[in-house]
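Take a look at the letters that make up each chain.
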Amino acid sequence: MASGQKPKGLNKSCFLLIVIAGMERFAFKGVASNLVTYLTDVVKMSNSAAAKTVNNWCGFTSMLPLLVASLADSWDRYSTILTSSFIYVVGLVALTSTALSWARHPTNKISSSYLFWSLCLISLGQGGYNPSLQAFGADQIANDDELPSTKDEQKSNKKSLFFQWWYFGVCGGSLAGVTFMSYIQDTFGWVLGFAIPTIAMGASILLFWCGSRIYAYKQDDAISERPSRDIVRSIKEALSKLMNSRITLPNSNPGVVELELQEKPLCQNSGNAKGLKEEPCSGINYLVENGKVVLRLLPIWTMLLMFAVIFQQPATFFTKQGMTMKRNVGSSFKIPPATLQSAITVSIILLMPFYDALLIPFTRLITRNKKGISVTQRMGIGMVLSIIAMVIAALVETKRLEISRKMDVLDPKLETEVPLSIFWLLPQYILLGISDIFTVVGMQEFFYSEVPVRMRTMGIALYTSVFGVGSFLSALLISLVEYFTSSRGKGRSWFSDDMREARFDKYYWLLASLSVLSLVFYVIFCKCFVSRSSDMDNEN
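A brief look at the structure comes next. Given the structure is predicted, the values throughout are model-derived calculations rather than measurements.

**Brief notes about the overall build of the chain**
A count of helices and strands for the chain gives 18 helices and 4 strands. A total of 540 residues make up the chain; the buried ones form 54% of that total. Across the chain, contacts joining residues at least 24 apart in sequence account for 84% of those joining residues at least 6 apart. Put simply, the chain shows about 24,000 Å² of open surface, and 63% of that area lies on carbon and sulfur atoms.

So, in structure tokens, the structure goes:
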């Protein structure tokens, strides 16, 4: 069929899976967005301990896809989604039962261990569910079974369209989870607050199963029977080869983009998948080239970690800030602090359509690029915006502390909210939402497109692992800062439980400084290793 006869938009199965992904985000955000409040108010953890717990759990949840992705690539994605979603629901049911147990017996220590294991089950289920569902959704794009980085502009645009609509759906689910569930949890209790996400996740599984007849089930004959084993061997072989050589970009043949090895077979044989299976690429070269693909992505993966660290703040310290500020709307209603996280998703939902309608045409005039800006440029812009958000957060926190100290001078025993509206936190949330449009959507497309088709679930897992390692890095930074600011007897910790003594502003300045350093290395790497291939692609 001629390319002009292909449907320009996404098919029904893509949109169905986007809705299902939104339901999963509703369930997850309904638990994660306000978890720090649950840990401090119900479980009675300190500010730093609760923040580290949330960060470690989010990190563990985001890292698990790396371990499960090889199973999804060797097994069919449909079965992986069903199996992992069942584990997911079991974890949510267990979490709801722990909340019920805590409501009846607040000092029950058994509930603490059940809480830990229920969160682990949720992580395990999501580890297989999210990357498999997203890769399965991308598989629904018609006639898109060739290796990535295709030269067909229409297919490339359709891929970008899918990832943008996917993130739009995910943000819609996140918005509902943050706004609706934080209010339910603060007003009606945690049992109902955890039961509703459990029901939503169960409904999404039923909806996924009902759509089985319309899905496209792709069987890639070229995929190795042991992807995980091949990946390990690839990395080992690549490391041994690269000890005495450098990974360089091609300097000739401008019609070829940087990662040409993903566009076509790594050795010369039949271009179709069947031929690849019958006459497999031999020996070490195939493994070395695959290893080069993975290793080539690691520098950018590393430089995105500080962006992920910044994105741990809304669910932890931003929320704790909001708990001390004036939250009244009217005479009686108080805004749950976690609800402000919805500003991130609202800004994404409202502004993402303008990305294609306004920003892309504008940047086309400047860059002469059909796509407007490259994926790496898109991620870089988001990193800049996240740094600005942290600077604003530090300035607002400094103002909050000034007001708090003045109140402390008037009445040291007075424990009340600071007469500073919680809406002063909105700019930092909105900027993080705008940065999300650039960096997170760009990361999804980048890691999916820059790996061979046989490793696409692994590519999505690499994207989620950025936030996993970023969460662990955030917890490590909290521990280090707490050690150097409190253990030596010089003043209070930056994360003091007394919010009049806490110095979140200094922590935000630290994050902004580290992010600037990371951005500098990111720009240097993109200039040296990526921009050349982007220019070649633009000429096409």
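**Let's talk about the side chain of Gln134**
As for its placement among the helices and strands, Gln134 is situated in helix H5 (residues 110–139). Ignoring sequence-local partners within four residues, the contact set of Gln134 consists of Phe162, Phe163, Trp166, Gln444, Ile460 and Tyr463.

**Some words on the pattern of salt bridges**
One pass over the structure, following the stated rule, counts 4 salt bridges. For Glu24, the salt bridge goes to Arg25, with nearest N and O atoms at 2.9 Å. With a relative accessible area of 1%, Glu24 lands in the buried category. For Arg25, a relative accessible area of 13% corresponds to the buried category. Put simply, Glu397 and Arg400 hold a salt bridge, and the shortest N to O gap is 2.8 Å. With Glu397 and Arg400 both in helix H15 (residues 375–410) and 3 residues apart, the pair spans about one turn of that helix. Comparing Glu397 with Arg400 shows no difference in burial state: the two are buried.

**Some points on the environment of Asn34**
By secondary structure assignment, the location of Asn34 is in the loop between helix H1 (12–32) and helix H2 (35–41). Look at Asn34 and you get buried, because its relative accessible area is 1%. Sequence separation between Asn34 and Gly193 is 159 residues; the distance between their C-alpha atoms is 9.9 Å. In this structure, Asn34 is in contact with Ser182, Gln185, Asp186, Trp190 and Ala338, ignoring residues within four places of it in sequence. A polar side-chain atom of Asn34 sits 3.2 Å from a polar atom in the side chain of Asp186.

**Concerning the packing of helix H4 (residues 77–104) against helix H7 (residues 190–210)**
Following both chains from N to C, one finds H4 and H7 inclined at 165°, their axes separated by 9 Å at the closest point. If you check the angle between H4 and H7, you find them roughly antiparallel. Along this stretch, H4 crosses H7, giving a crossing that reads as left-handed. For the contact of H4 with H7, the per-class residue count stands at 21 nonpolar, 4 polar and no charged.

**Some details on the packing of H1 against H7**
Helices that pack against each other are described as a pair by the angle of their axes relative to one another and the distance between those axes. Packing of H1 against H7 leaves a shortest axis separation of 8 Å and a crossing angle of 160°. What the angle tells us is that H1 and H7 run roughly antiparallel. With respect to the hand of their crossing, H1 and H7 are arranged in left-handed fashion. Contact residues: Leu16, Leu17, Val19, Ile20, Met23, Glu24, Phe26, Ala27, Gly30 and Val31 in H1; Gly193, Phe194, Ile196, Pro197, Ala200, Met201, Ala203, Ser204, Leu207 and Phe208 in H7.

**Here we look at the environment of Trp117**
Take Trp117: it is sitting in helix H5. Under the relative-accessibility criterion, Trp117 is labelled exposed at 55%. As a C-alpha pair, Trp117 and Gly91 span 26 residues in sequence and 7.9 Å in three-dimensional space.

**Quick word on the side chain of Thr198**
Position of Thr198 relative to the elements: it lies in helix H7. A distance of 3.4 Å separates a polar atom in the side chain of Thr198 from the backbone oxygen of Leu92. When residues no more than four places from it in sequence are discounted, the contact partners of Thr198 are Val89, Leu92, Val93 and Thr96.

**Quick look at a nonpolar patch on the surface**
Together, Tyr183, Phe188, Leu192, Val329, Phe333 and Phe423 make up an exposed nonpolar region whose accessible area comes to about 550 Å². Along the chain, Phe333 turns up in strand S3 (residues 333–334).

**As for helix H16 (residues 426–449)**
For H16, with 24 residues, the first-to-last C-alpha span of 34 Å sits near the 34 Å given by 1.5 Å per residue. At Asp436, H16 shows its maximal bend, which comes to roughly 40°. Of all 24 residues in H16, 20 are buried, a share of seventy percent or more.

**Some thoughts on the packing of aromatic side chains**
Per the counting criterion, the structure on display carries 27 aromatic pairs. Seen from their ring centres, Tyr38 and Phe194 are 5.3 Å apart, and the 75° between their planes marks the pair as edge-to-face. Of this pair, Tyr38 sits in helix H2 while Phe194 sits in helix H7; the two residues are 156 residues apart in sequence, bridging distant segments of the chain. Across the pair, exposure class does not vary: Tyr38 and Phe194 are buried alike. Between Trp165 and Phe168 the ring centres are 5.3 Å apart and the planes differ by 70°, which places this aromatic pair in the edge-to-face class. With a gap of 3 residues between them, Trp165 and Phe168 both fall in helix H6 (residues 153–188), about one helical turn apart. Here Trp165 falls in the partly exposed class, since its relative accessible area comes to 37%. Every member of this aromatic cluster is reached through a ring pair, and the members are Tyr78, Phe136, Phe208 and Tyr215.

Rules used in this analysis
- Residues numbered from 1 in each chain as written.
- Predicted model: local features only at pLDDT ≥ 70, side-chain atom pairs only at ≥ 80, totals over all residues.
- Heavy atoms only, no water.
- Helix = DSSP H or I, 4+ residues; strand = E, 2+ residues; numbered from the N terminus.
- Buried < 20%, exposed > 50% of the residue type's maximum accessible area, 1.4 Å probe, protein only.
- Contact = heavy atoms within 4.5 Å.
- Areas by Shrake-Rupley, 256 points an atom, 1.4 Å probe, with all protein chains shown as cover.
- Salt bridge = Lys/Arg side-chain N within 4 Å of Asp/Glu carboxyl O.
- Polar contact = N/O pair within 3.5 Å; in protein donor to acceptor, adjacent residues only side chain to side chain.
- Axes fitted to C-alpha atoms, helices over the stretch in contact; angles between N-to-C directions.
- Parallel < 35°, antiparallel > 145°, perpendicular 65-115°, else oblique.
- Left-handed = near helix turned anticlockwise from the far one by under 90°.
- Nonpolar A, V, L, I, M, F, W, Y, C, P; charged D, E, K, R; others polar.
- Patch = residues over 30% accessible without salt bridge, like charges linked within 9 Å, V, L, I, M, F, W, Y side chains within 5 Å.
- Expected span 1.5 Å × (residues − 1).
- Bend = angle between axes of the 7 residues up to and from the residue.
- Phe/Tyr/Trp six-rings, centres within 6.5 Å; stacked < 30°, edge-to-face > 60°.

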